[in-house]
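Given next are the chains, with one letter for each unit.
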Amino acid sequence: MLQLSDLRSDDVRSDTRDGAAATRPRRSLVPCVAALGLFAALGLFTMVILFMRGGLSLLYSTAPRNIIFMVSDGHGAAHLTLAREYRRRNAFVNAAPVVPLHLDEFLVGSSRTSSANSIVTDSAAGGTALSCAKKTNNGMIATDPSGRPCATLMEAARAAGMRTGLAVTSSVTDATPASFAAHVPIRRMERSVALQYAVNGTADVVLGGGRAMFNSQALPERMAAGKWGDKWTVATDARSLAAAESTPLLGLFGIYNMPNEIDRDPQTTPSLREMA
């Protein structure tokens, strides 16, 4: 694994949209994504983290074979209220005071989201709380407040022999997805996040935006997307993603963030559901 001393600090881009989390078993992915897709259409980022275990022996196990951890980055109770009202009006059921979302079926509560150094968290500290179960300072990704890396859920899944993946509508190097598969003390170090994805291989599949962080200007020439050798399959649009048959797989469908769902061209840009 890369050490913090190996990381580059010349990254200049950042995003400050904050995160909240929701989870649901794989068998209910379609309605869950349908609900979260609406949040994406409202301008919010969504992320799907997949932990998959192979083996026919697990077909008869009571333990879940796959785990899908879903995060709608930046949404809160007000966004849920807006989504319910949008659905009520769109469905022409004005007589009903409230039309529930699929998300309401498994919404069980809320949590306080203050970080280690602020009452208002950012995506970096929020993502680290979700991935490491530790509070850290705003702007720090999968490290504690002193800068020491903390083990993440994705790293634990990988160590347990599970296959792992990230599917996001933001840049794949943004703070929330990075919190599960990389460690940097400053969230703007997105090129270092990209380099860790390439070298450490914590995620077997990485799908989303962020193409600018993987070109030869951002990474060493030998590490830029398309030059990762035979080890990685690289997809750049919906068609090449559908044709991909092997992992590790890197899919980059936007220079920075992917288009909002309401603006997406399905001929060129895959949906969150297609990526998941």
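Residues numbered from 1 in each chain as written. Predicted model: local features only at pLDDT ≥ 70, side-chain atom pairs only at ≥ 80, totals over all residues. Heavy atoms only, no water.

## What to know about the overall build of the protein chain
- Counting secondary structure elements, the protein chain contains eight helices and seven strands.
- A burial count over the protein chain gives 50% of its 276 residues as buried.
- Considering only residue pairs separated by 6 or more positions, the protein chain has 65% of its internal contacts joining residues 24 or more positions apart.
- Accessible area of the protein chain: about 13400 Å², with a carbon and sulfur share of 54%. (Helix = DSSP H or I, 4+ residues; strand = E, 2+ residues; numbered from the N terminus. Buried < 20%, exposed > 50% of the residue type's maximum accessible area, 1.4 Å probe, protein only. Contact = heavy atoms within 4.5 Å. Areas by Shrake-Rupley, 256 points an atom, 1.4 Å probe, with all protein chains shown as cover.)

## With respect to helix α6 (residues 190–200)
- Counting buried positions along α6 gives nine out of eleven residues, so the element sits mostly inside the fold.
- Within the span of α6, buried status applies to Glu190, Arg191, Ser192, Val193, Ala194, Leu195, Gln196, Tyr197 and Ala198.
- In this structure, the buried residues of α6 make contact with β4 (163–171), α5 (175–181) and β5 (205–209).
- Just beyond α6, the residue with positive phi is Gly201, at close to 65°.

## Observations regarding the environment of Leu153
- Examined against the element boundaries, Leu153 turns out to sit in helix α4 (residues 153–159).
- Leu153 sits in the partly exposed class, given a relative accessible area of 38%.
- When the C-alpha positions of Leu153 and Ala181 are compared, they lie 8.8 Å apart, and in sequence the two are 28 residues distant.

## Details of the nonpolar core
- If you look at the biggest cluster of nonpolar residues, it comprises 28 residues, and the most contacted ones within it are Ile141, Leu166, Val172, Tyr197 and Phe214.
- Of all the secondary-structure elements, those providing two or more residues to this core are β3 (66–73), α3 (123–132), β4, α5, α6 and β7 (249–252).
- When residues of this core are assigned to their parent elements, the largest contribution, four residues, is made by α5.
- Here Val172 is in contact with Pro177, Ala178, Tyr197, Val206, Leu207, Gly208, Gly209, Phe214 and Leu252, once residues within four sequence places are set aside. (Core = buried A, V, L, I, M, F, W, Y, C linked by side-chain atoms within 4.5 Å.)

## Side note on the side chain of Asp144
- Relative to the assigned elements, Asp144 resides in the loop between α3 and α4.
- On the accessibility criterion, Asp144 (14% relative accessible area) is buried.
- Polar contacts involving the side chain of Asp144 include one to the side chain of Ser146, which spans 2.6 Å. (Polar contact = N/O pair within 3.5 Å; in protein donor to acceptor, adjacent residues only side chain to side chain.)

## Considering the pattern of salt bridges
- This structure, assessed with the given rule, holds nine salt bridges.
- In this structure, Asp104 and Arg84 form a salt bridge, with 2.8 Å as the shortest nitrogen-oxygen distance. In this pair, Asp104 sits in the loop between α2 (77–90) and α3 while Arg84 sits in helix α2, placing the two residues 20 residues apart along the sequence.
- Take Asp104: its relative accessible area is 23%, and that puts it in the partly exposed class.
- Of the charged contacts, one joins Arg158 and Asp204 as a salt bridge, the two residues approaching to 2.5 Å between their closest N and O atoms. (Salt bridge = Lys/Arg side-chain N within 4 Å of Asp/Glu carboxyl O.)

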